[in-house]
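Each chain is listed here by its residues.
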Amino acid sequence: MAIRVSNKVQSILRAAGLKVATQNYEYTSAGISYKGQNVYAIIHAPRGDATEAIVLVVPQRTAEEELNLNAVILALTLARYFKRWSLWSKDIIFLFPPDSKSGTQAWIDAYHDMHPPTVQPLPLKSGALQGALVIEYPFDHRFESLHIVYDGVNGQLPNLDLFNTAISIASGQMGIGTSLQEMWNHDDSYWKRLETILRGMVKQGFGYATGAHSSFMPYHIDAITIQTKGDGWQDEMALGRTIESLCRSLNNLLEHLHQSFFFYLLMQANRFVSIGTYLPSAMLIAGNFTIMAIAVWLRTGYYRKDRLRSSAIAKSRDKKPATAMVVDAQGKRGTLGQGSNEMDEEDTRVMERQLALPLTLVVGLHFLGLVPLYIFNNLFHEYFTMATYTFTVVDFFLPLLLAAVLTHGLVHSPTPQQYLLIKSFSLLLLGIFLSTLATLNFSLAFMIGLLCIPFSFISPIPSNGPLCYAFSVIGLLVLNAFSPPVVLLVVCHFFGVDVEKVLVQAAFGWDVWGMWTQVVVC
């Protein structure tokens with residue numbers, strides 16, 4: 001089917017007088033092979049010098065795996081129509097990948113000579129890509145509105161000017177309703193705006209490709225997907241005029257889009273929140289861990305002094321009241337009277353911090369996260385569900401095993417100071433990572449920060465307390481409830497999604513899209 005469609009598309013494009021080329025590719029991820037053939041054609045600009053180009057992407061199947069036949073027909077018609085125009089100052093590339101996941105990624109990687117050996121290089125190229133538009137029209141009846149998808153890989157977003165241009169053309173010029181984040185009945189209320197923001201944050205935080213446009217984001221190419229939705233009175237003519245106006249707008253650019261926002265959260269088609277408004281929330285969460293790390297670090301220098309003072313006070317209470325003559329290091333005489341809890345100068349001295357064990361443990365645990373990262377990105381998809389439950393059990397018993405090894409498996413048990421240093425180093429690394437991540441992917445940093453909030457309240461439990469074991473069990477259950485495997489299982493069960501499907505998508509994102517969400521989680 002796909003080969004017949006590709007051959008037919010090539011024949012129509014050649015008949016229209018365009019230069020046509022093909023590209024074969026193959027990817028393998030989680031034991032699944034993704035292969036196909038991209039077909040693309042180039043209209044050279046009569047008024048240009050082939051240094052800049054616009055890409056019009058029409059996948060044969062949409063992101064929801066629906067046959068995108070009407071969009072392919074519309075793109076072939078636009079190719080013949082654009083070929084007769086003499087106003088183009090930029091080349092126009094028509095790309096027909098077999099799907100929305102791997103085909104576009106193989107083409108854009110090869111266009112920038114960053115493709116793996118299993119992807120064929122492009123025999124035909126143009127200039128620097130200034131923008132990309134993706135068309136999805138999967139049904140054969142008229143549509144009601146347009147749905148604009150803009151989320152990219154690893155939370156990257158296109159320039160807001162491109163999104164605003166699409167909204168202005170569709171709503172203002174063509175009178176076509178527009179929506180985003182699958183909010184079909186947006187009444188501009190507070191709760192609808194909040195739901196739109198939360199939907200956008202979830203997609204941005206997961207960092208996966210939401211369409212064929214997402215593959216262009218890592219190369220700083222602004223791209224969006226235009227999807228037809230509903231059953232109304234708008235037809236192919238209205239969609240074609242919208243695409244034509246967008247192409248003409250990109251064609252009129254004198255330079256690359258750069259003077260608008262790249263970091264934003266959309267509340268509605270014409271309302272957004274800028275980075276200066278929402279970034280402090282993630283920074284405050286990250287700053288909480290850094291401040292707690294500093295506070296715990298300061299406690300470690302005086303912890304032994306407090307313990308010695310408490311011990312001395314306890315001993316002095318047990319002894320009979322007495323008055324004794326003491327001599328200090330300078331030979332001065334003094335009296336330690338009744339009820340006095342004075343101590344020697346050596347007892348109040350700041351103790352040296354023992355860093356070897358805490359540093360080794362914290363760094364070792366962080367490197368231990370590479371184990372699930374390697375396994376879930378190299379395992380066959382049939383074993384993903386079993387591996388998830390296995391790591392859930394391992395995450396439950398690993399803290400118990402580490403506690404037993406630290407307490408009974410060493411020559412000397414860790415001191416209370418070393419326990420506090422372990423917490424300080426962990427919180428410090430968490431705060432540093434989240435502060436950096438917030439400027440790259442705000443939503444992911446915000447979600448990870450919320451899940452890690454219980455770490456700030458962890459403190460040593462007195463071993464001689466009556467509720468010691470109860471508090472230990474409760475703390476262990478709370479921490480495991482916020483662990484990544486448990487969160488994954490709960491979210492998949494809540495939304496009715498198969499765990500294997502999610503992990504297959506994650507492995508594909510790591511192998512093909514260059515998605516690094518797994519690195520942050522692991």
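Nothing here was measured: the structure is a model prediction, and the numbers come from that model.

Student: Run through the UniProt feature "transmembrane region" (unreviewed entry) in the chain, naming residues and quoting values.
Tutor: The feature "transmembrane region" (unreviewed entry), as annotated in UniProt, sits at residues 278–298, 355–375, 387–406, 427–457 and 469–495 in this numbering. The straight-line gap between the two end C-alpha atoms of residues 387–406 is 27 Å; of that span, 100% is helix and 0% is strand. Structurally, residues 469–495 is divided into 93% helix and 0% strand, and its ends, taken at the C-alpha atoms, are 35 Å apart.

Student: Go over the pattern of salt bridges, please, and point to the residues and values.
Tutor: Once the charged atoms of two side chains with opposite charge are near each other, the side chains can pair. Taken as a whole and judged by the stated rule, the model has seven salt bridges. We note a salt bridge from E52 to K90, for which the minimum N-O separation is 3.3 Å. In this pair, E52 is assigned in strand 3 (residues 52–57) and K90 in the loop between helix 2 (69–83) and strand 4 (91–96), connecting sequence segments 38 residues apart. By relative accessible area, K90 is classed as buried at 2%. A salt bridge links E182 to R199; the nearest nitrogen and oxygen atoms lie 3.8 Å apart.

Student: Please give an account of the environment of I448 that cites residues and values.
Tutor: Relative to the helices and strands, I448 resides in helix 13 (residues 442–451). Look at I448 and you get buried, because its relative accessible area is 16%. In this structure, the C-alpha to C-alpha distance between I448 and A282, residues 166 residues apart in sequence, is 9.8 Å. Contact partners of I448, with chain neighbours within four places excluded, come to L434 and V520.

Student: Summarise the packing of aromatic side chains; cite the residues concerned and give the values.
Tutor: Going through the model one piece at a time under the given rule, you end up with 23 aromatic pairs. Consider the rings of Y150 and F163, whose centres lie 5.5 Å apart with planes at 70°: the pair is edge-to-face. A residue pair is termed long-range when its members are at least 10 positions apart, and Y150 in the loop between strand 6 (143–149) and helix 4 (160–173) and F163 in helix 4 qualify at 13 residues. Overall, the relative accessible area of 3% leaves Y150 in the buried class. Site record: aromatic cluster; members linked through ring pairs are Y81, F82, W85, W88 and F94.

Student: Account for unusual backbone geometry, with residues named and values stated.
Tutor: In most cases, non-glycine residues show a negative phi, while peptide bonds are predominantly trans. Even without glycine at this site, N154 takes up a positive phi of about 60°. Looking at N154, the relative accessible area reads 8%, which means it is buried.

Cut-offs and rules
Residues numbered from 1 in each chain as written. Predicted model: local features only at pLDDT ≥ 70, side-chain atom pairs only at ≥ 80, totals over all residues. Heavy atoms only, no water. UniProt positions renumbered as here; feature names shortened; annotations may be inferred. Helix = DSSP H or I, 4+ residues; strand = E, 2+ residues; numbered from the N terminus. Salt bridge = Lys/Arg side-chain N within 4 Å of Asp/Glu carboxyl O. Buried < 20%, exposed > 50% of the residue type's maximum accessible area, 1.4 Å probe, protein only. Contact = heavy atoms within 4.5 Å. Phe/Tyr/Trp six-rings, centres within 6.5 Å; stacked < 30°, edge-to-face > 60°.

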